[in-house]
Amino acid sequence: ASPQFAEDARTAKLVDRIGYDDQVRAAATARAGSDSKSIKFTDYVKNTTSRIGSPNIAIVEAAGEIRDGTAKNSLLNNAAGIASDDMSAAIDQAARDKNIKAIVFRVDSPGGSVTASDQILHAVRKAQKAGKPVVVSMGSVAASGGYYISLSANKIVAEPGTLTGSIGVLTGKVSVG
């Protein structure tokens, strides 16, 4: 029974205030001080991006159901989740970049295709063989294929509420107890 309305979310203490964009900006300015100014996010990124040639950490996000192929061919235009060709290419690109010293692989997935999961795990292992440590950061769920693509990480960090584990990546398991 998730909250369906803003007031329900406030009553459930999921949010502390409800407001409009202009009210948020005013509250942020008041909190930051009268000499603060608001800038576009794109300008912020341009001004805070590290210098070319300096060591960096790649963040690769895998969110949604794991499926074979590429999002370019998807009718839903990437709304379909994790496309194995695209995810593998992103990991490969980070592995080849000499300025990338490690990969943070953010996994928030209930799983999906066995072959797609295996393709992504293969890309993770190739990155590790290339000398890139891979740290998996688990989101709200990393189960089945989401668990599988995480298993070779150098380190796994999960939140206390993360649902993780394998329900049988290759086959189901029967329990008669």
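Below you will find a few notes about this structure. Nothing here was measured: the structure is a model prediction, and the numbers come from that model. (Residues numbered from 1 in each chain as written. Predicted model: local features only at pLDDT ≥ 70, side-chain atom pairs only at ≥ 80, totals over all residues. Heavy atoms only, no water.)

**Quick notes on the overall build of the protein**
Summing up its helical and strand segments, the protein has six helices and seven strands in all. N-terminal to C-terminal, the α/β element order of the protein is α-α-α-β-β-β-α-β-α-β-α-β-β. Looking at the protein as a whole, 32% of its 177 residues qualify as buried. Nonlocal contacts in the protein, meaning residues at least 24 apart in sequence, comprise 62% of its contacts between residues at least 6 apart. Working note: accessible area of the protein is about 12300 Å², and carbon and sulfur atoms make up 55% of it. (Helix = DSSP H or I, 4+ residues; strand = E, 2+ residues; numbered from the N terminus. Buried < 20%, exposed > 50% of the residue type's maximum accessible area, 1.4 Å probe, protein only. Contact = heavy atoms within 4.5 Å. Areas by Shrake-Rupley, 256 points an atom, 1.4 Å probe, with all protein chains shown as cover.)

**Here we look at the nonpolar core**
One finds Met87, Ile91, Ile103, Phe105, Ile120 and Ile149 to be the most contacted residues of the largest nonpolar core, which totals 24 residues. Sorting the residues of this core by element identifies strand S1 (56-63), helix H4 (84-96), strand S4 (100-109), helix H5 (114-129) and strand S5 (134-143) as the ones contributing at least two each. No other element matches H5, which puts five residues into this core. If sequence neighbours within four positions are ignored, Ile149 has contacts with Ala62, Ile66, Phe105, Val107, Ser117, Ile120, Leu121 and Val124. (Core = buried A, V, L, I, M, F, W, Y, C linked by side-chain atoms within 4.5 Å.)

**Thoughts on the pairing of S5**
With eight of 10 residues buried, S5 is to be regarded as a mostly interior element. Note that the unit made of S4, H5 and S5 has a crossover that is right-handed. In this sheet, strand S6 (residues 155-158) lies alongside S5 in parallel orientation, the contact comprising four bridges. Directly across from Met138, in S6, lies its bridge partner Ala158. Looking at chain direction, S5 and strand S7 (residues 163-165) are connected through three bridges and run parallel. Its bridge partner being in S7, Ala143 is matched across the sheet by Gly165. (Right-handed = clockwise from strand over helix to strand, strands pointing away. Pairing = 2+ DSSP bridges.)

**Thoughts on the pattern of salt bridges**
Evaluation of the coordinates by the stated rule reveals two salt bridges. Between Arg10 and Glu7 there is a salt bridge whose closest N-O contact spans 2.8 Å. Note that Arg10 and Glu7 are positioned in helix H1 (residues 6-11) at a spacing of three residues, about one turn of the helix. Overall, the relative accessible area of 45% leaves Glu7 in the partly exposed class. (Salt bridge = Lys/Arg side-chain N within 4 Å of Asp/Glu carboxyl O.)

**Looking at the packing of H4 against H5**
Between H4 and H5, whose axes approach to 9 Å, the crossing angle comes to 0°. The orientation of H4 with respect to H5, classified from their angle, is roughly parallel. Packed against H4, whose contacting residues are Ser84, Asp85, Met87, Ser88, Ile91, Asp92 and Ala95, the element H5 presents Ala116, Gln119, Ile120, Ala123, Val124, Lys126 and Ala127 at the interface. A per-class count over the contact of H4 with H5 returns eight nonpolar, three polar and three charged. (Axes fitted to C-alpha atoms, helices over the stretch in contact; angles between N-to-C directions. Parallel < 35°, antiparallel > 145°, perpendicular 65-115°, else oblique. Nonpolar A, V, L, I, M, F, W, Y, C, P; charged D, E, K, R; others polar.)

**Quick notes on a nonpolar patch on the surface**
On the surface, a cluster of nonpolar side chains totalling about 260 Å² of accessible area is made up of Leu14, Val15 and Ile18. By secondary structure assignment, the location of Val15 is in the loop between H1 and helix H2 (21-32). The exposure class of Val15 is partly exposed, given its relative accessible area of 36%. (Patch = residues over 30% accessible without salt bridge, like charges linked within 9 Å, V, L, I, M, F, W, Y side chains within 5 Å.)

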